[in-house]
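Geometric and topological summary
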Amino acid sequence: MSSADRIKMEPAWKAALLDQFDAPYMQKLRAFLVEEMKAGQAVYPPGPKYFEAYNVTPLDKVKVVILGQDPYHGPGQAHGMCFSVQPGVRIPPSLLNIYKELEDDLSIPRASHGYLQHWAEQGVLLLNSVLTVRHKSAGSHQGRGWEHFTDRTIQILNEQKQGLVYILWGKYAQQKAQVVDPSKNLILKSVHPSPMAAHRGFFGSKPFSKCNQYLESQGKTPIDWQLPTNV
């Protein structure tokens, strides 16, 4: 049985990424994750949620890509989609700022939760560059191989699709999308929504309305950014 056979991932994504699962970097990454767990380190999100973004947003449904850096590193927060937290978990500061900008941009009231599944189900790929992190240690799994995997994800989107919107908040996300063809897609850039940076250009950037205007210009259904009350 190959490594890919054990991975639960949406079929089109899995087929497109199949060669990555047995690549040398992925073997090293897998060994690293095993060692982390043997050493008693808590790793987030839980294993079945590593590829949640791919499973909730199938390859043929992707219309928008929001790029994050690495998962939230507190207990119970990360569940495989960037900026999103599970129902019942306190809304993190960056997501609060995203909600503030959404309210200013489209007059959508701030949600009472941080669960972004509704966005993902409409074709918003909520992709972190690094898909795991150690408890209370931001950036702890950077440089271990996930970046190769998510780079390839973006390359696949650029090769197979056009008319997408890439929402890139912060320098890290902007560097990540260097392979995206701006002549075939809309690239929206601003500073990161974190409390340390949001006032330097995130607020007032109006990414949600710009995204929907572009999708409509491409003959696509705009995103309903209003999250359901009950989750």
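See the structure printed just above.
The structure reproduced in this document is the subject of the present report.

Reading the values: the criteria
- Residues numbered from 1 in each chain as written.
- Predicted model: local features only at pLDDT ≥ 70, side-chain atom pairs only at ≥ 80, totals over all residues.
- Heavy atoms only, no water.
- Helix = DSSP H or I, 4+ residues; strand = E, 2+ residues; numbered from the N terminus.
- Buried < 20%, exposed > 50% of the residue type's maximum accessible area, 1.4 Å probe, protein only.
- Contact = heavy atoms within 4.5 Å.
- Areas by Shrake-Rupley, 256 points an atom, 1.4 Å probe, with all protein chains shown as cover.
- Lys, Arg positive; Asp, Glu negative; His and termini not counted.
- Charge placed at Lys NZ, Arg CZ, Asp CG, Glu CD.
- Phe/Tyr/Trp six-rings, centres within 6.5 Å; stacked < 30°, edge-to-face > 60°.
- Salt bridge = Lys/Arg side-chain N within 4 Å of Asp/Glu carboxyl O.
- Polar contact = N/O pair within 3.5 Å; in protein donor to acceptor, adjacent residues only side chain to side chain.

Turning our attention to the overall build of the protein chain. Looking only at helices and strands, the protein chain features eight helices and six strands. Summarising its shape, the C-alpha atoms of the protein chain cover approximately 50 × 35 × 35 Å along the three principal directions. Counting across all 231 residues of the protein chain, residues that qualify as buried make up 53%. Long-range contacts, defined as pairs at least 24 residues apart, comprise 67% of the intrachain contacts of the protein chain with a sequence gap of at least 6. Split by element, the accessible area of the protein chain, about 10,700 Å² in all, is 50% carbon and sulfur. On the protein chain, the mean spot of the 25 positive side-chain charges and the mean spot of the 20 negative ones are 4 Å from each other.

As a further point, take the packing of aromatic side chains. All chains considered together, the criterion is met by 16 aromatic pairs. Pairing W119 with F208 gives two aromatic rings, centres 6.2 Å apart and planes at 55°, and the pair type is tilted. A residue pair is termed long-range when its members are at least 10 positions apart, and W119 in helix α5 (residues 117-121) and F208 in helix α8 (residues 207-217) qualify at 89 residues. The same class applies to W119 and to F208, which are both buried.

The next point concerns the pattern of salt bridges. Under the counting rule described, the total for this entry stands at six salt bridges. Ionic pairing is found between R134 and E36, a salt bridge with its closest N-O pair at 2.8 Å. Linking R134 in strand β4 (residues 133-134) with E36 in helix α2 (residues 24-38), this pair joins segments that are 98 residues apart in sequence. Under the relative-accessibility criterion, R134 is labelled partly exposed at 22%.

Turning our attention to the side chain of Q77. Relative to the assigned elements, Q77 resides in the loop between β2 (64-68) and α4 (93-106). Q77 sits in the buried class, given a relative accessible area of 19%. One polar contact links the side chain of Q77 to the main-chain amide nitrogen of G74, over a distance of 2.8 Å. What Q77 contacts, discounting residues up to four positions off in sequence, is Y72, S84, V85, Q86, V89 and P92.

It is worth spelling out unusual backbone geometry at this point. For residues other than glycine, phi is negative in most cases, and the peptide bonds are mostly trans. For the bond from Y44 to P45, the omega torsion is -10°, close enough to zero to count as cis. Phi angles above zero are rare outside glycine, and F83 is one such case at about 70°. Tracing the sequence through the fold places F83 in the loop between β2 and α4. Here S107, not a glycine, exhibits a phi torsion of approximately 55°, which is positive. Structurally, S107 is set in the loop between α4 and α5. Residue S107 is classed as exposed on the basis of its relative accessible area, which comes to 64%.

Note on placement: E52 falls in helix α3 (residues 52-56). For E52, a relative accessible area of 12% gives the class buried. Among all residues touching E52, those that are not within four sequence positions of it are H79, G80 and M81.

This part covers helix α1 (residues 11-21). Since the α-helix turns once every 3.6 residues, residues separated by three or four places project in the same direction. Taken together, the buried positions of α1 are occupied by W13, K14, A16, L17, Q20 and F21. Contacts from the buried residues of α1 go to α2, α3, β3 (124-128) and α6 (146-160). Two to three positions downstream of the cap, the backbone nitrogen of A12 sits 3.2 Å from a side-chain oxygen, assigning the N-cap of α1 to E10.

What follows deals with the environment of A23. By secondary structure assignment, the location of A23 is in the loop between α1 and α2. A23 gets classed as buried once you look at its relative accessible area, which sits at 15%. Along the sequence, A23 and H79 sit 56 residues apart, while their C-alpha atoms lie 25 Å from each other.

What follows concerns the environment of K63. Of note, K63 is situated in the loop between α3 and β2. K63 sits 102 residues away from V165 along the chain, and the two C-alpha atoms are 6.5 Å apart. If we skip the residues at most four places from it in the chain, K63 touches Q122, G123, G163, L164, V165, L215, K220, T221, P222 and I223.

So yeah, pure geometry; function would need other evidence.
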